[in-house]
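One letter stands for each residue in the lines below.
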Amino acid sequence: MTERNKKQVGACIIVDNQDRVLVLLRGATDPWKPEWWDLPGGHLDGEETPLQGATRETKEESGLTVYNLQEVEAKPMDRIVKYFFVTRDYEGTVSLEPNPTTGIIEHDEYKWATLEEIAEFEKSVVPVSTIRKALSLV
């Protein structure tokens, strides 16, 4: 599969005023990596840009509205290219609501975690090197 044909995913690294990052625990019934820690994000819809997709998915998965996102990096993975964005600008309260399309709650819990805590997670798809780079940008 060529780079251009890979599915695109947008992910948001939200940093609070204590340099902690919002991470979400994927649901126990999730078909991909159940009960693994991840960042808010997901596949792009239609003609969305990675930035638009990351913003929408973050709102859907965490209840937070994010602003002033900066691109951290794009990582080619197996069948996707994942675009990571970082921000300290957000509003709202974290809430794990059902997906507006499927009606399924995709995440079982959330946590504001330090870089050190994220590095210690046994089950995580959160790339520590990307988090480190993101923290240096904000």
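Above this note sits the structure.
Residues numbered from 1 in each chain as written. Predicted model: local features only at pLDDT ≥ 70, side-chain atom pairs only at ≥ 80, totals over all residues. Heavy atoms only, no water.

Some remarks on the pattern of salt bridges
If you walk through the whole model with that rule in mind, you get ten salt bridges. Of the charged contacts in the structure, one is a salt bridge between D16 and R20, with a shortest N-O distance of 2.7 Å. Across the pair D45 and R56 runs a salt bridge whose closest N-O atoms are separated by 3.4 Å. With D45 in the loop between β4 (41-43) and α1 (50-62) and R56 in helix α1, this pair connects stretches of sequence that are eleven residues apart. Look at D45 and you get partly exposed, because its relative accessible area is 43%. (Salt bridge = Lys/Arg side-chain N within 4 Å of Asp/Glu carboxyl O. Helix = DSSP H or I, 4+ residues; strand = E, 2+ residues; numbered from the N terminus. Buried < 20%, exposed > 50% of the residue type's maximum accessible area, 1.4 Å probe, protein only.)

Focus on α1
Structurally, the α-helix is built with 3.6 residues per turn, so residues lying three or four positions apart point the same way. In this model, α1 (13 residues) spans 18 Å end to end at C-alpha, consistent with the 18 Å of a helix rising 1.5 Å per residue. The set of residues buried in α1 consists of P50, G53, A54, R56, E57, T58, E61 and S62. Directly beyond the C-terminal end of α1, a positive phi value near 85° is found at G63. (Expected span 1.5 Å × (residues − 1).)

Remarks on the nonpolar core
Judged by nonpolar contacts, the single largest core of 19 residues is most densely connected at I13, V21, V23, L39, I118 and I131. Mapped by element, the contributors of at least two residues to this core are β1 (7-14), β2 (21-26), β7 (80-87), α2 (115-120) and α3 (128-137). Sequence-distant contacts of V23, that is, excluding residues within four places in its chain, are made with W37, D38, L39, E109, Y110, K111, A113, I118, F121 and V126. Membership of the second largest hydrophobic core comes to 13 residues, among which are C12, A54, V94 and W112. (Core = buried A, V, L, I, M, F, W, Y, C linked by side-chain atoms within 4.5 Å. Contact = heavy atoms within 4.5 Å.)

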